[in-house]
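# Summary of the model geometry
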Amino acid sequence: MYIILATLSALIMAAIEMKFFCRKKNAKERIRILLKNIVFVDFLSFAANKYVLKYPHFFSNEGSGKKEFITFFAVSLAIGIVFQVISAGVNRFLFYEEDKTPEKKKSKALKIISTVLFFIGCVFVFGTTWGADTFGKLTGDQIVINMLSPAEGSDTSTYITIFEGPVFNTFLLTTLFAWFDFKKVKIIYVKARESKTVFSMGAKRIISFILALAMFIGGACFGYNGYELDKIISGYFVESKTLDDIYVNPKETKITFPEKKRNLIHIYLESLENTFFSKDLGGNMDMNLMPELEKLSYDGIIFSHSDGFFGGPLDGTGTQWSCASMVNQTTGLPMKVPAKADSYANDKGFLPGAYSLNDLLHDNGYEQTVMFGADAAFGGLDTFYTTHGGVKVFDHAYAMKNGYIPEGYRVWWGYEDDKLYEFAKEEITRLYKTGKPFNFTMETADTHMPNGYLSKNAKTPYDNQYANVIAYSTSQAVEFIKWIQSQPFYENTTIVIIGDHNSMETNFFKHYNFTGDYLRTQYNCILNPAQGLENPDKSITRNRKWSNWDYYPTILAAMGCKIEGERLGIGTNLFSGKKTVFEEYGKDYINKEFEKKSEFYNKEIFKAE
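Calculation rules
- Residues numbered from 1 in each chain as written.
- Predicted model: local features only at pLDDT ≥ 70, side-chain atom pairs only at ≥ 80, totals over all residues.
- Heavy atoms only, no water.
- Helix = DSSP H or I, 4+ residues; strand = E, 2+ residues; numbered from the N terminus.
- Buried < 20%, exposed > 50% of the residue type's maximum accessible area, 1.4 Å probe, protein only.
- Contact = heavy atoms within 4.5 Å.
- Areas by Shrake-Rupley, 256 points an atom, 1.4 Å probe, with all protein chains shown as cover.
- Pairing = 2+ DSSP bridges.
- Axes fitted to C-alpha atoms, helices over the stretch in contact; angles between N-to-C directions.
- pLDDT = per-residue confidence, 0-100.
- Right-handed = clockwise from strand over helix to strand, strands pointing away.
- Expected span 1.5 Å × (residues − 1).

### Examining the overall build of the chain
What the chain contains, in helices and strands, is 22 helices and 15 strands. In the chain, which comprises 609 residues, the proportion classed as buried is 54%. Nonlocal contacts in the chain, meaning residues at least 24 apart in sequence, comprise 75% of its contacts between residues at least 6 apart. Total accessible area on the chain stands at roughly 28,000 Å², and carbon and sulfur atoms take up 58% of it.

Pasting the structure below:
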């Protein structure tokens, strides 16, 4: 609607200019006037919408009504009128005049080069700023991996923010720059019928090139530092054998299951971190957003990075987004920059050389399902689960195809968590009735950025939507877990709960003025582990330096499995008390080494040719 209204204003202004201010009445001049008004009035109207009116969106209608549309149209018309007055005034009093000197090819080439450099610089500046505002700390290797991964099923709101942020800002500034750069005018000073050129075409070309070069160099440096692009360089060109040397192949490791195999329910809670607890519990909030989850946690086992009860894994290279977290926890590996410009989900599979938790459970007779409210094609997770252990994928597409939701139904990333939990109960019951040991994995979505999805059933005690989403989402998770605990299979079932990664909802942290050196960590808890692991010593659960990949052998241990050497992939069984790779080699050293190229990873895990 905003695009239509802005374009309508531009057409009205173009008609006025053609009628009253156009000296040449030919078709070429009319087309020039039309395009000029559409470009400038549209861009300036959207800029006013974004920076003056400060509406939530100018590309989509979300959050806007009749009042907003009328106000925007009035502002757009006012901008058009001002633009016409300025144009007419400049033309009338001849502050500049057209330079009719034939332009050389070198001059045209310099203009094109300047505009391209300016454009690239804007992309770096606005892209980096948008990434920091939208996702927080986002590194270049994460961007590369996600760009090369399937994007089907993603939430459209992120794409809207891209268009309304870096895309719009880049094209707005580049359009103004290109107009200044390509306009064949020179500024003159007129007095007593004598004129003197004070700003020639040559001077304009030099100034344009200097501005473009400054934008390009400044933007490139800003982007390089902001996205830590040195990690991409390391991933492709600097080799390390650290991962190669410490990797333990799960397929070649002796893993002994208990006589009666335990069921596994693995719950990934989207973006859930310990930060959302109150400060007295080890969080960073004045209030506790997750009281139900706090109470449930005392019955489980939490591996903490601190002296306190609540704590979690430390950031590791290739861990801090949903797909990476699932790969980490089921293969014991980081997600590294691909060996070549190829998706993780390709015709060979998804990390075909890895032997995952799902492969192992499949080979030991487990019935397995993974459930998402979104489309599992996003990030290639459908390929990951189907090619590792033949896991049944129950996602948005499956739910629609099999009549769980109506055709065309889409809420948030697919269907909301209220439905996810109901479908999960039904699917877990089906798995139990097969008579086989089962593994059920699920990931929630309502707490995903931007701003989360607030269920119509949620209460709103807080002044921030994301805070209300967290409170409701975690209370629903606890209700679901209580349902599991009431089922006949629970006695022989281990529940693993973990936040898939730290939250990327930057506006939430700005709203509550998060400052200082508080270390944010993912929530984690294991309920009902195998006999003998119910009360581990604090020396095992507190002050641990660990990361997501350590959950692979730890989950198996919680299911009663015995692991020769206590390590799988690069992960260490936390119950064993044996040092993790972070504890043995140091977190900073390991992360730096894992950023680098690994021939073993490329050839044996990724199976790159």
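### Some remarks on the sheet that holds strand β11 (residues 493–499)
Strand order in the open sheet formed by 6 strands is β9-β8-β10-β5-β11-β12, and the pairing between neighbours is mixed. Taken across any chain shown, the strands that pair with only one partner, and hence form the sheet edges, are β9 (392–394) and β12 (524–527). Taken over all neighbouring pairs, the strand axes of this sheet differ in orientation by 10° on average, direction set aside. Pairing of strand β5 (residues 263–269) with strand β10 (residues 438–443) involves 5 bridges; the strand directions are parallel. Bridge pairing links Ile267 to Met442 in β10.

### Some thoughts on the environment of Gly577
Topologically, Gly577 is positioned in the loop between β15 (571–572) and α20 (581–585). What makes Gly577 partly exposed here is its relative accessible area of 42%. Along the primary structure Gly577 and Glu566 are separated by 11 residues, whereas in three dimensions their C-alpha atoms are 9.3 Å apart. If we skip the residues at most four places from it in the chain, Gly577 touches Ile540 and Arg544.

### A closer look at the confidence of the model for the chain
In regions of low pLDDT, the predicted coordinates are not meant to be interpreted in detail. For the chain, the mean per-residue pLDDT works out to 85, and 83% of the residues sit at or above 70. Across residues 92–97, where pLDDT falls below 50, the model places 14 contacts with residues more than four positions away in sequence or in other chains.

### Concerning the side chain of Ser325
Counting through the fold element by element, Ser325 comes out in helix α11 (residues 322–331). Ignoring sequence-local partners within four residues, the contact set of Ser325 consists of Tyr268, Thr319, Asp500, Gln522 and Asn548.

### Notes on the pairing of strand β8 (residues 367–372)
Of all 6 residues making up β8, 5 are buried, and the element is well covered by its neighbours. The pairing of β8 with β9 spans 3 bridges and is classified as parallel. Across the sheet, the residue bridging to Met371 is Phe394, located in β9. Taking the sense of rotation as the criterion, the β-α-β connection linking β8, helix α13 (residues 381–387) and β9 turns out right-handed.

### So, helix α15 (residues 417–433)
Residue pairs three or four apart in sequence face the same way in an α-helix, which turns once every 3.6 residues. Spanning 17 residues, α15 covers 24 Å between terminal C-alpha atoms, matching the ideal 24 Å at 1.5 Å per step. Three or more residues of α15 are buried, namely Asp417, Asp418, Leu420, Tyr421, Phe423, Ala424, Glu427, Ile428 and Leu431. Contacts from the buried residues of α15 go to β5, β8, β9, β10 and α16 (465–485). Of the residues flanking the end of α15, it is Gly435, one or two places downstream, whose phi is positive at about 85°.

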